[in-house]
Amino acid sequence: MASNTPVCDFGWQAVDFELEDTHASRHNLASLRGPNGLLLMFICNHCPYVKAVIDRICRDARDLQALGIGVAAIMSNDPVEYPEDSLENMQRVAEQLAFSFPYLHDTTQAVARAYGAVCTPDFFGFNQQLQLQYRGRLDASGRLPAGPHVRRELFEAMRLIAETGQGPREQIASIGCSIKWRA
């Protein structure tokens, strides 16, 4: 079932956490943030919305990292009910796609709850002070292949945040599969 993210709560302060990535390295906000901001993405392996855009997510992540923005992905789904989202499959996906960012495992789902994540993909763009400035979509193509003239909305918003500390006032919600909560 498709879910949309809520409107950006400008200035909301990022909640600190500590999670392991697919290489068993531990990360928190201080280790993830870049000098110009931080992009946290709630994604998973099984979601058709994520599968459709993962190449564009990887491209934008590399381009944003070059602008001094830290990037990390968090997987919060219940891997018991959704085995494709297991740690082993997270490791496989991160390696196959050569993620340039840590892929973090939210085993307790506490981080997804603290952030109010609702779907995959769900993007949280923070400025240098870790204040929320973007909660929109990747681009207008959704699950379709992106045409040559599709605006890179997430990239453009994060570049603006890196340059000014402020996100665009006009944002269009992301859409994706709902987070798969434990019973």
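It should be noted that the structure appears before, not after, this text.
Before going into details, it helps to say that this report is about the structure given with it.

What counts and how
Residues numbered from 1 in each chain as written. Predicted model: local features only at pLDDT ≥ 70, side-chain atom pairs only at ≥ 80, totals over all residues. Heavy atoms only, no water. Pairing = 2+ DSSP bridges. Helix = DSSP H or I, 4+ residues; strand = E, 2+ residues; numbered from the N terminus. Contact = heavy atoms within 4.5 Å. Axes fitted to C-alpha atoms, helices over the stretch in contact; angles between N-to-C directions. Buried < 20%, exposed > 50% of the residue type's maximum accessible area, 1.4 Å probe, protein only. Salt bridge = Lys/Arg side-chain N within 4 Å of Asp/Glu carboxyl O. Arc of directions from axis to C-beta.

### Let's talk about the sheet that holds strand β1 (residues 2-4)
- With antiparallel pairing, three strands are arranged side by side in an open sheet as β1-β10-β7. Whereas interior strands pair on both sides, the edge strands pair on one side only; in this sheet they are β1 and β7 (119-120).
- The sheet contacts of helix α2 (residues 48-65) involve β1, β7 and β10 (175-178), and relative to β10 the element is tilted by about 135°.

### Re the pairing of strand β4 (residues 38-42)
- The element β4 is extensively covered by neighbouring structure, given that five of its five residues are classed as buried.
- Alternating residues of β4 divide into L38, L40 and F42 and L39 and M41, and every residue in both groups is buried.
- Summarising the sheet, β4 and strand β5 (residues 70-75) pair through five bridges and their orientation is parallel. Each bridged residue has a counterpart across the sheet, and for L40 the counterpart in β5 is A72.
- When β4 meets strand β8 (residues 122-126), the two strands line up antiparallel, connected through five bridges.

### Structural notes on the pattern of salt bridges
- With the rule as written, the count across this model stands at ten salt bridges.
- Close ionic contact of E20 with R26 constitutes a salt bridge, the shortest N to O distance being 3.3 Å.
- Classification of E20 by relative accessible area gives partly exposed; the value is 34%.
- For the salt bridge of E153 with R137, the shortest nitrogen-to-oxygen distance reads 2.9 Å. You can see E153 sitting in helix α5 (residues 153-164) and its partner R137 sitting in the loop between β9 (132-134) and α5, a full 16 residues away along the chain. As far as burial versus exposure is concerned, E153 and R137 are alike and both buried.
- Among the charged side chains, a salt-bridge network with shared partners connects R59, D60, D63 and R152.

### Structural notes on helix α3 (residues 87-96)
- Taken together, the buried positions of α3 are occupied by M90, V93 and A94. Projected down its long axis, α3 carries its buried residues within an arc of 100°, all on one side. When the buried face of α3 is taken as reference, the exposed residues oriented beyond 90 degrees from it are E88, E95 and Q96.
- The elements touched by buried residues of α3 are β5 and β6 (103-105).
- Trailing α3 by a residue or two, A98 shows a phi angle of about 50°, which is positive.

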